[in-house]
Amino acid sequence: MATLQLLTTDFSKPMILLKPSLFVSSTPPRHCPTSLPRFIPRACSSSSSPLSRRHFVSETAALSLALTVPLLGSPQPAKSEEPALSEWEKVSLPIDPGVVLLDIAFVPDDPKHGFLLGTRQTLLETKDGGQSWAPRSIPSAEDEDFNYRFNAISFKGKEGWIVGKPAILLHTSDAGDSWERIPLSSQLPGDMVYIKATGEKSAEMVTDEGAIYVTSNRGYNWRAAVQETVSATLNRTVSSGISGASYYTGTFNAVNRSPNGSYVAVSSRGNFFLTWEPGQPYWQPHNRSIARRIQNMGWRADGGLWLLVRGGGLFLSKGTGITEEFEEVPVQSRGFGILDVGYRSKDEAWAAGGSGILLRTTNGGKTWVRDKAADNIAANLYSVKFIDDNQGFVLGNDGVLLRYLG
């Protein structure tokens, strides 16, 4: 088994490593208690004579009798007062409480066959499109006394990749029937937070310090796609006017990849963001035009950017491509943070966040409507993933998984 070889060693010594963070609203999830309906006798009055006390007492007694009769007969089935999700269903998972779900992917050749990742070495497998899940173990990931956090998974054909923390890289060439562990170099700067299968035996991997590596031989050798870590880039360009760069700790809070291979990442403090396009030697830092700190950023279906700020704000970039100009879009977030946005199509997208926030747009993000039925889900929803137009999932903490029904 070959060890990961870094073909480019221009990276500076890794800075302080921070765990890839997930943002949880400081406000605890709000539960919506239900109450039994109150039956209040209605006074029936006419314009000529008021309701008499005797009439009122008799009518109240009749109503009490009507409510009591069903209790004397056969038991009535209890009806749930919790409204069903309009286009999503909650999936029951065989995992311990407290597990945070982090990523999901399906085998392109078999859309019903997929894998779900999370903290506490959580790895689940489905063969019915996500309706039911079963625990899956990987012997090569259980040799050491580590409780891995599986961060990301990706498939291209039958080839798949998984990365996690502490540093672990897994590869499959048979659609996940078996997984091979690929050793990693100790010189790897940062923790692996993202991986993308790009072709046969090929993949692209990103660390939380901004290192981007690519392989074309099934992970036995990796080539650096950028010449230095983000910390080194900022040390050279700190005088360029990037606000907050002097407070940079050297890691990303979030990183997202566009279909054409461009990346957008948020600094660990949320005070600026960075972008990278294929062929660029360095990450490009950008000032934020919003007063509040950035929570997450990603790519719209039309090629533009969406931006989330702390406190529940949602912004869309003007036009497409990379820009620093954003416009705020009103959303009914109730003050809870919105944590992710996932596009089902160019016009339809869903946003999820703290305390079961679930929002939908059908006009590309210009207006959003809250799905109130999700308010009763006592969890923070971290990630929205659409595999295709008909297959989508929302991942949250405490093992909460929502499946799109359409």
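Scoring rules and cut-offs
Residues numbered from 1 in each chain as written. Predicted model: local features only at pLDDT ≥ 70, side-chain atom pairs only at ≥ 80, totals over all residues. Heavy atoms only, no water. Pairing = 2+ DSSP bridges. Helix = DSSP H or I, 4+ residues; strand = E, 2+ residues; numbered from the N terminus. Axes fitted to C-alpha atoms, helices over the stretch in contact; angles between N-to-C directions. Phe/Tyr/Trp six-rings, centres within 6.5 Å; stacked < 30°, edge-to-face > 60°. Buried < 20%, exposed > 50% of the residue type's maximum accessible area, 1.4 Å probe, protein only. Contact = heavy atoms within 4.5 Å. Salt bridge = Lys/Arg side-chain N within 4 Å of Asp/Glu carboxyl O.

A. Fine view of the sheet that holds strand E22 (residues 326–329). Overall, antiparallel pairing links the four strands, which are arranged E19-E20-E21-E22 in an open sheet. Each having just a single partner strand, strand E19 (294–299) and E22 make up the two edges of the open sheet. Between one strand axis and the next, the sheet turns through 25° on average, direction left out of account. Two strands pair when backbone bridges link them, and E19 and strand E20 (residues 305–309) are joined in this way by five bridges, in the antiparallel orientation. Each bridged residue has a counterpart across the sheet, and for Met297 the counterpart in E20 is Leu307.

B. Representation of the packing of aromatic side chains. The final tally for this structure, using the stated rule, is 17 aromatic pairs. Here Tyr194 and Tyr263 contribute two aromatic rings whose centre-to-centre distance is 6.0 Å and whose plane-to-plane angle is 90°, an arrangement assigned as edge-to-face. Taken as a pair, Tyr194 in strand E11 (residues 192–199) and Tyr263 in strand E16 (residues 263–267) lie far apart in primary sequence, 69 residues in all. Arranged with centres 6.3 Å apart and planes meeting at 90°, the rings of Phe273 and Phe326 form a pair that is edge-to-face. With a gap of 53 residues between them, Phe273 in strand E17 (residues 272–276) and Phe326 in strand E22 connect regions that are remote in the sequence. Residue Phe273 is classed as buried on the basis of its relative accessible area, which comes to 0%. Since its relative accessible area comes to 11%, Phe326 is described here as buried. Put simply, the rings of Tyr194, Phe252, Tyr263, Trp276 and Trp283 touch in pairs and so form one group of aromatic residues.

C. Here's a closer look at the environment of Ala152. The topology assignment puts Ala152 in strand E7 (residues 149–156). For Ala152, a relative accessible area of 2% translates into the label buried. Here Ala152 is in contact with Asp103, Leu117, Trp161, Ile162, Val163, Val193, Tyr194 and Ile195, once residues within four sequence places are set aside.

D. Seen up close, the pattern of salt bridges. Scanning the model with the defined rule gives 10 salt bridges in all. Arg360 is the partner of Glu87 in a salt bridge, and the nearest nitrogen-oxygen pair spans 2.8 Å. One end of the pair, Glu87, is in the loop between helix H1 (53–72) and strand E2 (88–91); the other, Arg360, is in strand E25 (residues 358–361), and 273 residues separate them in sequence. Given the relative accessible area of 13%, Glu87 is considered buried. Here Arg360 falls in the partly exposed class, since its relative accessible area comes to 28%. A salt bridge links Glu89 to Arg403; its shortest N-O distance comes to 2.7 Å. Residue Glu89 is found in strand E2, and its partner Arg403 is found in strand E29 (residues 401–404); the two are separated by 314 residues along the sequence. Accessibility expressed as a relative area gives 28% for Glu89, which makes it partly exposed. Where salt bridges share partners, they join Glu87, Arg344, Glu348 and Arg360 into one cluster.

E. The side chain of Arg370, seen in detail. With respect to the helices, strands and loops of the structure, Arg370 is situated in strand E26 (residues 369–370). In this structure Arg370 touches Gln332, Arg334, Ile357, Leu358, Leu359 and Asp375, once residues within four positions along its chain are discounted.

F. Expanded view of the sheet that holds strand E3 (residues 101–107). Sheet architecture is open: four strands sit in the order E3-E4-E5-E6, paired in antiparallel fashion. Looking at which strands have only one partner, the edges of the open sheet turn out to be E3 and strand E6 (134–135). With two bridges connecting them, strand E5 (residues 122–126) and E6 associate as antiparallel partners. Bridge pairing in E6 links Leu124 to Pro135.

G. Spotlight on the environment of Gln121. Following the sequence through the fold, Gln121 ends up in the loop between strand E4 (110–118) and E5. Spatially, the C-alpha atoms of Gln121 and Arg136 are 10.0 Å apart, while their sequence positions differ by 15 residues. Each residue touching Gln121, except ones within four places of it in the same chain, is listed here: Ala141, Glu142, Phe146, Asn147, Tyr148 and Phe150.

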